[in-house]
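Residues per chain are reported as follows:
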Amino acid sequence: MFNARIWLLSLVLVGCGTFDPVARAQLQTTVAERMSDEIRARLKDADQFDEDARLKASAEAMTPIYSVDLLRSPHEEDQVDARAHHETWGDMLRLQAEGVYPAALAAIKVLVLMVHGQFDPHPGRLILQGMRRYLPQIEYVELGRCGHYPWLEKAAADDFFSLVREWLGGHEMSRGT
């Protein structure tokens, strides 16, 4: 007797970042438009800290730019490694300049759902346009009253978890025995 487990794997992208200079420029424009004097002051205050603490404090200061109404801060319990952050981002930019990334995403053949907050300064629809070239199977859902952290947004968290649960559950072929 043949017992098989067949799964149709799927991938959910949440609060997707930028993958090209055009989307990154739009992100920077949105951040600049949302920047307040209070945020600028908090960023300036962060200059007194060591590199790790400065990165964490800067992320905390910019939370209003990235979020609508959070249940809690996405960074409050984080351990921050600024060196790793800078090296990783440097690698990302290098791979993009070399044409490796996001082109490598074309190797992904499973179903993909991109969930994005309407208030996220990362330009979701613009990012989607760039990713469709490599992931033609991508689906996109934008959540209202939601920023970069949909699992922490008061108005969107329940909808986010329901959406992901239903989408993943609906793309499972069988559990076999």
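Just so you know, the residues in each chain are numbered from 1, in the order the chain's sequence is written. Totals for whole chains, interfaces and linings use every residue, but because this is a predicted model, local features are given only for residues with pLDDT of at least 70 and side-chain atom pairs only at 80 or more, for both listing and counting. Remark: hydrogens and water are excluded; side-chain values derive from all non-hydrogen atoms of the structure.

## Concerning the nonpolar core
Grouped burial of nonpolar side chains is what soluble globular proteins tend to show. Leu13, Cys16, Met114, Ile127, Met131, Leu135 and Ile138 are the most contacted members of the largest nonpolar core, which has 14 residues in total. Each helix corresponds to a stretch of at least 4 residues labelled H or I by DSSP, and each strand to a stretch of at least 2 residues labelled E; elements are numbered beginning at the N terminus. Those elements that provide at least two residues to this core are strand E2 (111-117), helix H6 (124-132) and strand E3 (138-143). Sort the elements by how many residues they give to this core and H6 lands first, with three residues. If sequence neighbours within four positions are ignored, Ile138 has contacts with Leu13, Val112, Met114, Leu128, Met131 and Arg132. By size, the runner-up hydrophobic cluster in this structure holds ten residues, among which are Val31, Tyr66, Leu70 and Tyr149. Put simply, buried Ala, Val, Leu, Ile, Met, Phe, Trp, Tyr and Cys residues joined by side-chain atoms within 4.5 Å make one nonpolar core. Each residue is assigned to one of three classes by its accessible area relative to the maximum for its type, calculated with a 1.4 Å probe on protein chains only: buried under 20%, partly exposed between the two thresholds, exposed over 50%. Whether two residues touch is decided by their heavy atoms; if any such pair falls within 4.5 Å, the residues are in contact.

## What about the sheet that holds E2?
When DSSP locates at least two bridges between a pair of strands, those strands are taken to pair. As summarised here, the arrangement of the three strands in space is E1-E2-E3, forming an open sheet in which the pairing is parallel. Only two strands of the sheet have a single neighbouring strand rather than two, namely strand E1 (10-14) and E3. Put simply, the sheet's adjacent strands are angled 20° from each other on average, direction ignored. Note that E2 and E3 share six bridges and pair parallel. Residue pairing for E3: Val112 is matched across the bridge by Ile138. The sheet strands contacting H6 are E1, E2 and E3, and the helix crosses E3 at an angle near 175°. Lines fitted to C-alpha atoms define the axes here, with helix axes fitted over just the stretch in contact, and angles between the N-to-C directions of these axes take values from 0 to 180 degrees.

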